[in-house]
Amino acid sequence: MADKILKEKRRQFIQSVGAAPQEVKNHQAELLSSGPGGLKLCPLETVRRIWKEKSTEIYPIMDRMTRTRLALIICNTEFDNLPRRAGADVDIRDMKMLLESLGYNVDVKENLTASDMTTELKAFAARPEHQTSDSTFLVFMSHGIRDGICGKRYSEQVLDVLEVNTIFQMLNTWNCPSLKDKPKVIIIQACRGDNVSWRHPTRGSLFIMKLIKTMQEYAWSCDLEEIFRKVRFSFELPDGRAQMPTTERVTLTRCFYLFPGH
Amino acid sequence: MADKILKEKRRQFIQSVGADNVSWRHPTRGSLFIMKLIKTMQEYAWSCDLEEIFRKVRFSFELPDGRAQMPTTERVTLTRCFYLFPGH
């Protein structure tokens, strides 16, 4: 029954996506060079200006030639008792491309239980490369409930759930000293109980699509918190598929500029 | 009897302060967080939006000097910049 409702919602969503207008190319964008996958790169003058204006209040980045940045994507597509997340493969492919173009070596893990996810997190936190890295990104994509992210075995009888709090703990200074004072960004694509998250079967999740697009457009000139605000701003007008991403638990003390291309 | 239990709990709390996330308060000057929040707002509300102000408050706690604490911004759904425009 729930499956029928889901199928109907999906059908309506696909219908509405077909009516979406074509994007008009912004000619001003041609002034900035593009990195791989459409990421706008940061011109040297902009790097200098940002450093000059905010010097002590931005996170330092390490030299491109010697740093060893890592990122982790954990994505659950196939579940024992929940609907298959069609379109998740697009999310993985696009997020991997974005993170690589931002200078991170990306590890992808799929179809894990909460226990497997904890094991992967611990292993990731222990990676020696973080010592010669200036930051990290972690992306979790799955079904979700209010309290956390679903593992592949989730059902009403088997509460296979990874609590978001656990993710924060595994990466804190106690459990991951190599990333002390370095920005650790956790991105979660999942429903939170009644607050649902929309996904297209061939174009991927709406949140991930908008996040990538906003990053590509603004990472050259805006810090991460500004970029995330712009993503939320892009969801202001619901057009039938209402959702609002939330920024949780910010302890960044400085502005995190990605300086794409540097 | 209840007073004794309270005293014991308080003693244990003070002991464990190093391990837990605590918030410091001065008996005549008030809470450290509130003091810094107000000072930062007074200094920057004219030129920075609220999220920037909050970040500057966190920044002011970067160097612990014995009384370590870090305020956290939780659950932001603001879609725009909130400028207070003090005086307007």
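Check the entry above for the structure.
Throughout what follows, the structure given in this document is the object of discussion. (Residues numbered from 1 in each chain as written. Chains lettered and ligands numbered in written order. Predicted model: local features only at pLDDT ≥ 70, side-chain atom pairs only at ≥ 80, totals over all residues. Heavy atoms only, no water.)

1. What to know about the sheet that holds strand 5 (residues 148–150) of chain A
All names here are of chain A.
- Across the sheet, 3 strands lie side by side as 4-5-6; this open sheet has antiparallel pairing. Of all the strands in the sheet, just strand 4 (144–145) and strand 6 (161–163) have a single pairing partner and so form its edges.
- Of the strands in this sheet, strand 5 and strand 6 touch helix 4 (residues 114–125), which is tilted by about 40° from strand 6. (Pairing = 2+ DSSP bridges. Helix = DSSP H or I, 4+ residues; strand = E, 2+ residues; numbered from the N terminus. Contact = heavy atoms within 4.5 Å. Axes fitted to C-alpha atoms, helices over the stretch in contact; angles between N-to-C directions.)

2. Some remarks on the sheet that holds strand 3 (residues 136–141) of chain A
All names here are of chain A.
- Taken together, the 4 strands give an open sheet; going across it, the order is 2-1-3-7, and neighbouring strands pair in parallel fashion. Edge positions in the open sheet fall to strand 2 (105–110) and strand 7 (184–189), since each of these has one partner strand only. Neighbour-to-neighbour, the strand axes of the sheet open up by a mean angle of 15°, direction not taken into account.
- In the sheet, strand 3 pairs with strand 7 via 6 bridges, with the strands oriented parallel. Of the residues in strand 7, the one forming a bridge with M141 is Q189.

3. Looking at helix 2 (residues 32–44) of chain B
Residues and elements named next belong to chain B.
- Over its 13 residues, helix 2 extends 18 Å from the first C-alpha to the last, a length consistent with the 18 Å expected when each residue adds 1.5 Å.
- Restricting attention to buried positions, one finds in helix 2 the residues L32, L37 and T40. For helix 2, the angular spread of buried residues about the axis comes to 125°, placing them on one side. Counted as exposed and oriented over 90 degrees from the buried face of helix 2: K39 and Q42. (Expected span 1.5 Å × (residues − 1). Buried < 20%, exposed > 50% of the residue type's maximum accessible area, 1.4 Å probe, protein only. Arc of directions from axis to C-beta.)

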